[in-house]
Amino acid sequence: MAGRKLLVLFGSQTGTAQDTAERIGREAKRRHFECRVEALDTCDVANLIHEPLVVFVCATTGQGDPPDNMKMFWRFLFRKNLPPRSLCQMDYAVLGLGDSSYPKFNFVAKKLHKRVLQLGGSPLLPVALGDDQHDLGPDAVIDPWLLALWDKILALYPLPAGVEIISPDVRLPPKYTLHYVAEGSSCSEGDVLQPRAVTALPSEQHPFAARMVSNERVTAESHFQDVRLIEFDVTGSGMMFSAGDIVMIQPQNNPEDVQQFCQLLRLDPDRHFVLKPSEPGTALPALLPQPCTIRHLVTHYLDISCVPRRSFFELLSSLSENELEREKLQEFSSAQGREELFSYCNRPRRTTLEALWDFPHTTCAIPAEYLLDLVPRIRPRAFSIASSQLVHPNRIQILMAVVQYKTRLSKPRRGLCSTWLASLNPQHDVRVPLWVKKGAMKFPDVADTPVIMIGPGTGVAPFRAAIEERVAQGRRGNCLFFGCRQKSKDFYCQLEWEELVTRGFLMLFTAFSRDQEEKVYVQHRIRENRKLVWELLSSRNAHVYLAG
């Protein structure tokens, strides 16, 4: 098997690219390749020149941007001083994941493919462009592309004589082994907020434990939507931010769901364990203390409320001893069962916990060491910062709609992070893990440049920060188009805006869509005030911002 090495590198924002990369890793192991799966920013880029076989799996975010965990790699790859033939020994393939409703569809994958080609790499296949907009999601492209990829790879690296591809029915070993330890081992429930090095700024690996100061509902009680203005105390964090920046919040699971999950899998929530990698070189999961309790793992790490992916059913089928359940799980994880899986999972937004309820004989027999292979980690959520550091030093505010909606399932769907945050009572000294990220919006440095901001609903959040900041700097020329349903029910920050209008710092145009028979939206107000808008743009070089 010497020389049969494959490196799978991913850039993932929401977890789909990582899930696909791990699927390729599993398929490689079934074909007896020595395979590593890593995020692009964690790989040693200088070593790429020695890699003979690499598969890149990368998402495109925002307006053609690379995901956060490949930004350093991206900057390195496009350095002008890289020798033109530096990757000439590499056979490679690029799989892109994107959304064709965006103008820069799969921009990162296309650009990466072209750049590796420029640096001398040999493409095994044309770049694959997975599309979220397809009826069957990105799998419609991924499945046939992977079949072609393995044909190419096995032609270059054939299986040794007498060696067969490991059947999908055979269970692969888990990524980590789980070892229960004595009760005396300590693990506090707050360990997700581990102490940071004094010099390190808060980050995903080291979030800051921010105290919630206030949690105020800003919509009328009679309004269908619950929207909160939440404030956190970030004193001592060292975080700096400006208007347009983002706060990332690491949520946790509902205690009732945690209890249900443990009961279903027959796990003792108070049992302590340590994890050990099954293969050398595999890093332990960040943010999981060692030792750790099952309760802590399920509360803070396992995303039991996410909609399960196809890989979940694939692994679950290999763990199942019940013939009836195994057949259904195999169908869901097959290419032929994609439509049925979409109807079962994606359309009704069924959660991982609910799916486990539907396969009780399989679920109660899941070995604990497979939990981290089966259920992805809880991803942080991004919120526009709705306050200025100049006006509210040591504070971060967010304007957050509590996500709740109905599907054909009897139980309403609830957003994990917004439901958790809304449930917290600031009087109980609650702490929330968070850190700050640069946002895509940058407001003008030139003092007399006007800004036209269009922010319907909670989209007004970054503009509240911008207006506070600009007013604190004495800047006028602030023009806001705000829209909501009813003036009496969801006119966020009404008193603040009206006071700034009185002081001459803000031009405010509102559209209350349900306050009259004919619906009125922000675009109607823009059209009505087109002369002003055009004057600001043509004569004063105004910047226009849209968020919603």
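Quantities reported herein were computed from a predicted structural model and do not represent experimental measurements.

So, the overall build of the protein chain
No. 1: Within the protein chain, the secondary structure is distributed over 18 helices and 21 strands.
No. 2: In terms of C-alpha radius of gyration, the protein chain reaches 26 Å, essentially the compact-globule figure of 24 Å for 548 residues.
No. 3: Seen through its C-alpha atoms, the protein chain measures out along the principal axes to roughly 85 × 55 × 50 Å.
No. 4: Taking all 548 residues of the protein chain together, the buried fraction comes to 51%.
No. 5: Counting only contacts in the protein chain whose residues sit at least 6 apart along the sequence, the fraction spanning at least 24 positions is 77%.

Some thoughts on a nonpolar patch on the surface
No. 1: A cluster of nonpolar side chains, W534, L537 and V544, forms an exposed patch at the surface whose accessible area comes to about 310 Å².
No. 2: Mapping V544 onto the fold places it in strand β21 (residues 543-546).

Topic: the pattern of salt bridges
No. 1: Using the criterion set out here, one finds 32 salt bridges in the structure.
No. 2: Measuring nitrogen to oxygen at the nearest pair gives 2.9 Å for the salt bridge that ties D143 to R23. In this pair, D143 is assigned in helix α4 (residues 139-156) and R23 in helix α1 (residues 16-30), connecting sequence segments 120 residues apart. No difference in accessibility class separates D143 from R23, as the two residues are buried.
No. 3: We note a salt bridge from R36 to E51, for which the minimum N-O separation is 3.8 Å.

Considering the UniProt feature "domain: FAD-binding FR-type" (unreviewed entry) in the protein chain
No. 1: The sites that UniProt annotates as "domain: FAD-binding FR-type" (unreviewed entry) are residues 205-444.
No. 2: For residues 205-444, helix accounts for 29% and strand for 21%, while the C-alpha atoms at its two ends are 32 Å apart.

A word on the environment of E498
No. 1: You can see E498 is positioned in helix α16 (residues 494-502).
No. 2: Separated by 494 residues in the primary sequence, E498 and R4 have C-alpha atoms spaced 68 Å apart.

Considering the UniProt feature "domain: Flavodoxin-like" (unreviewed entry) in the protein chain
No. 1: As recorded in UniProt, the feature "domain: Flavodoxin-like" (unreviewed entry) lies at residues 6-150.
No. 2: Counting secondary structure, residues 6-150 comes out at 32% helix and 23% strand; the distance between its end C-alpha atoms is 12 Å.

Some details on the sheet that holds strand β18 (residues 451-454)
No. 1: Spatial ordering of the open sheet is given by β20-β19-β18-β21, a layout of four strands whose pairing is parallel. A single partner strand is all that each edge strand has here, and the edge strands are β20 (506-512) and β21. Adjacent strand axes in the sheet meet at a mean angle of 10 degrees, parallel and antiparallel pairs treated alike.
No. 2: The pairing of β18 with β21 spans four bridges and is classified as parallel.

Things to note about the pairing of strand β4 (residues 91-98)
One face of the sheet, then the other: side chains in a regular strand alternate in exactly this way.
No. 1: For β4, the buried fraction is high: eight of the eight residues fall into the buried class.
No. 2: Side chains of β4 alternate between two faces, with D91, A93, L95 and L97 and Y92, V94, G96 and G98 buried alike.
No. 3: Of the strand pairs in this sheet, strand β3 (residues 53-59) and β4 are connected by seven bridges, and their pairing is parallel. Within the sheet, the bridge partner assigned to C58 lies in β4 and is G96.
No. 4: For the crossover that starts at β3, traverses helix α2 (residues 71-77) and ends in the parallel β4, the hand is right-handed.
No. 5: Remark: the β4/helix α3 (residues 107-118)/strand β5 (residues 122-123) crossover connection has right-handed handedness.

Quick word on the domain arrangement of the protein chain
No. 1: By the assigned domains, the protein chain splits into domain 1 (5-156), domain 2 (208-251 + 379-437), domain 3 (255-374) and domain 4 (451-546).
No. 2: Between the C-alpha centres of domain 1 and domain 2 the distance comes to 34 Å.

What counts and how
- Residues numbered from 1 in each chain as written.
- Predicted model: local features only at pLDDT ≥ 70, side-chain atom pairs only at ≥ 80, totals over all residues.
- Heavy atoms only, no water.
- Helix = DSSP H or I, 4+ residues; strand = E, 2+ residues; numbered from the N terminus.
- Rg over C-alpha atoms; globule rule 2.2 N^0.38 Å.
- Buried < 20%, exposed > 50% of the residue type's maximum accessible area, 1.4 Å probe, protein only.
- Contact = heavy atoms within 4.5 Å.
- Patch = residues over 30% accessible without salt bridge, like charges linked within 9 Å, V, L, I, M, F, W, Y side chains within 5 Å.
- Areas by Shrake-Rupley, 256 points an atom, 1.4 Å probe, with all protein chains shown as cover.
- Salt bridge = Lys/Arg side-chain N within 4 Å of Asp/Glu carboxyl O.
- UniProt positions renumbered as here; feature names shortened; annotations may be inferred.
- Pairing = 2+ DSSP bridges.
- Axes fitted to C-alpha atoms, helices over the stretch in contact; angles between N-to-C directions.
- Right-handed = clockwise from strand over helix to strand, strands pointing away.
- Domains from an automatic or database assignment.

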